[in-house]
Amino acid sequence: MLIHERLKQRRFPNCTSLRKELEVKAVRTILRDIDFMRDQLRLPIEYDDIAHGYFYSRPVEQFPGVTVSESELFALLVARKAVAHYRGTPFHRPLRTAFDKLAAGLDPKTVVHLENLGDAMDIRVTGPEDLDEATFLIVSRAVHQHRPLRFKYRKHAAKTVEARTIKPYQLVCANHRWYVVGHDLRRDGIRVFVLGRMLGAEVLDGVFKRPADFR
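Secondary structure summary: the protein contains seven helices and seven strands in total. Each helix and strand of the protein, ordered N terminal to C terminal, gives the series α-α-α-β-β-α-α-α-α-β-β-β-β-β. Taking all 215 residues of the protein together, 32% fall into the buried category. Contacts in the protein between residues at least 24 apart in sequence constitute 53% of all its contacts with a sequence separation of at least 6. Surface summary for the protein: the accessible area is close to 14,100 Å², and the carbon and sulfur share equals 52%.

So, on to the pairing of strand β4 (residues 162-174). Pairing analysis gives five bridges linking strand β3 (residues 149-153) to β4, with the strands arranged antiparallel. The residue bridging Arg 150 from the neighbouring strand is Thr 165, located in β4. In this structure, β4 lies alongside strand β5 (residues 177-184), joined through eight bridges in antiparallel fashion. Bridged to Lys 167 within β5 is His 183. Between the end of β4 and the start of β5, which pair antiparallel, lie two residues, with Asn 175 showing a positive phi angle near 55°.

On to the packing of helix α2 (residues 15-22) against helix α3 (residues 27-39). In a pair of packed helices, the angle between the axes and the distance between the axes together describe the arrangement. Interhelical geometry of α2 versus α3 gives an angle of 105° and a closest axis separation of 9 Å. Relative to α3, the element α2 is oriented roughly perpendicular. Only Val 27, Ile 30, Leu 31 and Ile 34 of α3 make contact with α2, whose side of the interface consists of Cys 15, Leu 18, Arg 19 and Leu 22. For the contact of α2 with α3, a count of residues per class yields seven nonpolar, no polar and one charged.

A separate point is α3. Between the first and last C-alpha of α3 there are 18 Å, a value that for 13 residues agrees with the 18 Å anticipated at 1.5 Å per step. Turning to α3, its buried residues number three or more, namely Ile 30, Ile 34 and Met 37. Take α3 and look down its axis: the buried residues cluster within an arc of 60°, on one side only. Facing away from the buried surface of α3 by more than 90 degrees, the exposed residues are Arg 28 and Arg 32. Looking at the buried side of α3, the elements it contacts are α1 (2-8), α2, β1 (45-48) and β2 (53-56).

Each strand in a sheet pairs with its neighbour through backbone hydrogen bonds, running either in the same direction (parallel) or in the opposite one (antiparallel). Taken in spatial order, the five strands make up an open sheet running β6-β5-β4-β3-β7, and their pairing is antiparallel. Of all the strands in the sheet, just β6 (189-194) and β7 (198-203) have a single pairing partner and so form its edges. Put simply, the sheet's adjacent strands are angled 40° from each other on average, direction ignored. Alignment of β5 against β6, held across six bridges, turns out to be antiparallel. The residue bridging Tyr 179 from the neighbouring strand is Val 194, located in β6. Lying on the sheet, helix α7 (residues 133-145) is in contact with β3, β4, β5 and β7; it crosses β4 at an angle near 85°.

This brings us to the confidence of the model for the protein. In the predicted model, the protein carries a mean pLDDT of 84, and 86% of its residues have values of at least 70. Per-element confidence in the protein is highest for β3, whose mean pLDDT is 96, and lowest for helix α6 (residues 108-120), whose mean pLDDT is 68.

This next bit is on the pattern of salt bridges. For the structure on display, the rule yields nine salt bridges. The residue Arg 164 makes a salt bridge to Glu 162 at a minimum N-O spacing of 2.9 Å. Judged by relative accessible area, which is 29%, Glu 162 ranks as partly exposed. Close ionic contact of Asp 184 with Arg 164 constitutes a salt bridge, the shortest N to O distance being 3.0 Å. Here Asp 184, found in strand β5, pairs with Arg 164, found in strand β4; they are 20 residues apart in sequence, far enough to count as distant. Both residues of the pair, Asp 184 and Arg 164, count as buried. A single network of salt bridges, built from pairs that share partners, joins Glu 162, Arg 164, Asp 184 and Arg 187.

Cut-off values and rules
- Residues numbered from 1 in each chain as written.
- Predicted model: local features only at pLDDT ≥ 70, side-chain atom pairs only at ≥ 80, totals over all residues.
- Heavy atoms only, no water.
- Helix = DSSP H or I, 4+ residues; strand = E, 2+ residues; numbered from the N terminus.
- Buried < 20%, exposed > 50% of the residue type's maximum accessible area, 1.4 Å probe, protein only.
- Contact = heavy atoms within 4.5 Å.
- Areas by Shrake-Rupley, 256 points an atom, 1.4 Å probe, with all protein chains shown as cover.
- Pairing = 2+ DSSP bridges.
- Axes fitted to C-alpha atoms, helices over the stretch in contact; angles between N-to-C directions.
- Parallel < 35°, antiparallel > 145°, perpendicular 65-115°, else oblique.
- Nonpolar A, V, L, I, M, F, W, Y, C, P; charged D, E, K, R; others polar.
- Expected span 1.5 Å × (residues − 1).
- Arc of directions from axis to C-beta.
- pLDDT = per-residue confidence, 0-100.
- Salt bridge = Lys/Arg side-chain N within 4 Å of Asp/Glu carboxyl O.

Structure representation (structure tokens):
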């Protein structure tokens, strides 16, 4: 899109200037992008030997959009509605960013149709429980890196909290609630913990190996 804008502005960009502006390492990366725009998207890109840069040989008002089917459009609508229900959770920002990237590639007429569909349809998706982003990131890092996890835990309806140390084996989402399943070191057995009831989670030193027979 940036290359498209520079060509529309008739700045006569070349691979070197675009490489610097886009902060990519190799000139050939830019050259591949230009080849794709010209050969696959059929954009009228030519090179000016005097200006030492690329330009559009005829006016291009709109960057070619992505064509989607009616069923795919409906799926996008559901996705957009679903993203709104994740507001306040660790997933909202990356979901919103991903959806915006998808929508940016759509044909303008498709975007208008998507908006009209949204006005004519009310889709309600049950959202997840409130979840502390910091806790989720700490627990997910411990699971991914196979490192012990220490935290304080409040059982359902309990007034006090208990200190727990586990080897976290897996994150599980069931009925919009997040759990971590792991080996409780003090109780020497597999236990399941609700992330929303955890306090002061911290990743400890050391690495463990998840049992091959864990399910």
